[in-house]
Amino acid sequence: MRTSTAIARTSVLAASALLAVTSLTTAAPAAAAAPAEAAHYRAPGQVLTIRLHDAIAALPVADESRDGYERTKFRHWIDADRNGCNTRKEVILAEAVDAPEVGTGCALSGGAWFSPYDDLAVVDSGALDVDHMVPLAEAWDSGAYAWSPKEREAYANDLGDPRSLIAVSARSNRSKADKDVADWMPPAAHYACTYLTDWTTVKTRWSLTADPREKTALTRLAATCPDEPITVELAR
């Protein structure tokens, strides 16, 4: 049964953030807005609507450590629906400007794509990388070190929110590597606000922290971006 929950008033890391919280249900959603401490009310499947600047302010700040990180601790790419196309191919197919032909074993031929990081047209799927908006190493540093292997697998193959994974040119993805927004932004400057919004959304969706440099950079870089509402379904 669909319900609306009025969230109690408290503080979020010394910054008040207006959260419109709605449960996933069957009737028309009704948003209830009130300042909240997100950590006290988070649950997988919960839907939050929060403005960009408030979402950045609400990200918990914590120092990061890469101790113990190995990329293999995030199992990917999997074929969750067993249709023959793994997560990487699913993203490439979903983001095609012109759909490629799909052959045996999900082999792709033809097609066209646009890499928003660098405004590059791509006509060979082999020249694409599927980027984790928040890189696996950054996710580890920001809290995924404490997750179960299944949670890390879910993160690495997250098709539940189109902002989590993005098909981009291999050269732009490799330039980004595992850097956060304090150290790398897309070369296409007009894409900056979308990138910052998507980065913040993924961190919110997966309850990840931000280190002090990252939080400062997010706040500074997003200051001139439209303070538009973000709606996100929490994964954890």
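Above this text you will find the structure in question.
Figured I'd write up the structure that's included with this text.

**Considering the state of the cysteines**
Then, in step 1: Under the criterion given, the structure shown has two disulfides.
Then, in step 2: In this model, Cys-85 is linked to Cys-106 through a disulfide, with the two sulfur atoms separated by 2.0 Å. Handedness here is read from the sign of the S-S torsion; for Cys-85 and Cys-106, about 95°, the answer is right-handed. Here the residue Cys-85 occupies a position in the loop between helix H1 (52–58) and helix H2 (87–94), and Cys-106 occupies one in the loop between strand S4 (101–102) and strand S5 (108–109), the gap between them amounting to 21 residues.
Then, in step 3: The exposure class of Cys-85 is buried, given its relative accessible area of 8%.
Then, in step 4: What makes Cys-106 buried here is its relative accessible area of 3%.
Then, in step 5: Across the disulfide from Cys-193 sits Cys-225; the S-S distance is 2.1 Å. Residues Cys-193 and Cys-225 are joined by a disulfide whose S-S torsion is about -90°; by sign, that bridge is left-handed. Taken as a pair, Cys-193 in helix H6 (residues 192–205) and Cys-225 in the loop between helix H7 (212–221) and strand S10 (229–233) lie far apart in primary sequence, 32 residues in all.
Then, in step 6: Take Cys-225: its relative accessible area is 5%, and that puts it in the buried class.

**Remarks on the side chain of Asp-129**
Then, in step 1: Mapped onto the elements of the fold, Asp-129 is located in strand S8 (residues 128–132).
Then, in step 2: Of note is the side chain of Asp-129, whose polar atom sits 3.0 Å from the side chain of Asn-173.
Then, in step 3: Those residues in contact with Asp-129, other than ones at most four positions away along the chain, are Ile-166, Ala-167, Val-168, Ser-169, Ala-170, Asn-173 and Arg-174.

**Overview of the nonpolar core**
Then, in step 1: Counting 35 residues, the largest nonpolar core has Tyr-117, Tyr-155 and Tyr-195 as its most contacted members.
Then, in step 2: Elements supplying a minimum of two residues to this core: H1, helix H3 (136–141), helix H4 (149–156), strand S9 (165–169), H6 and H7.
Then, in step 3: Those residues in contact with Tyr-195 that sit more than four places away from it in its chain are Tyr-117, Met-133, Lys-176, Val-181, Trp-184, Met-185 and Pro-186.

**Things to note about the pattern of salt bridges**
Then, in step 1: The tally for this structure, following the rule as stated, stands at 13 salt bridges.
Then, in step 2: Among the salt bridges present, the one from Asp-158 reaches Arg-205, with a minimum N-O distance of 2.8 Å. Here the residue Asp-158 occupies a position in the loop between H4 and S9, and Arg-205 occupies one in helix H6, the gap between them amounting to 47 residues.
Then, in step 3: Assessed through its relative accessible area of 5%, Asp-158 is described here as buried.

Parameters and conventions
- Residues numbered from 1 in each chain as written.
- Predicted model: local features only at pLDDT ≥ 70, side-chain atom pairs only at ≥ 80, totals over all residues.
- Heavy atoms only, no water.
- Disulfide = S-S within 2.5 Å.
- Helix = DSSP H or I, 4+ residues; strand = E, 2+ residues; numbered from the N terminus.
- Buried < 20%, exposed > 50% of the residue type's maximum accessible area, 1.4 Å probe, protein only.
- Polar contact = N/O pair within 3.5 Å; in protein donor to acceptor, adjacent residues only side chain to side chain.
- Contact = heavy atoms within 4.5 Å.
- Core = buried A, V, L, I, M, F, W, Y, C linked by side-chain atoms within 4.5 Å.
- Salt bridge = Lys/Arg side-chain N within 4 Å of Asp/Glu carboxyl O.

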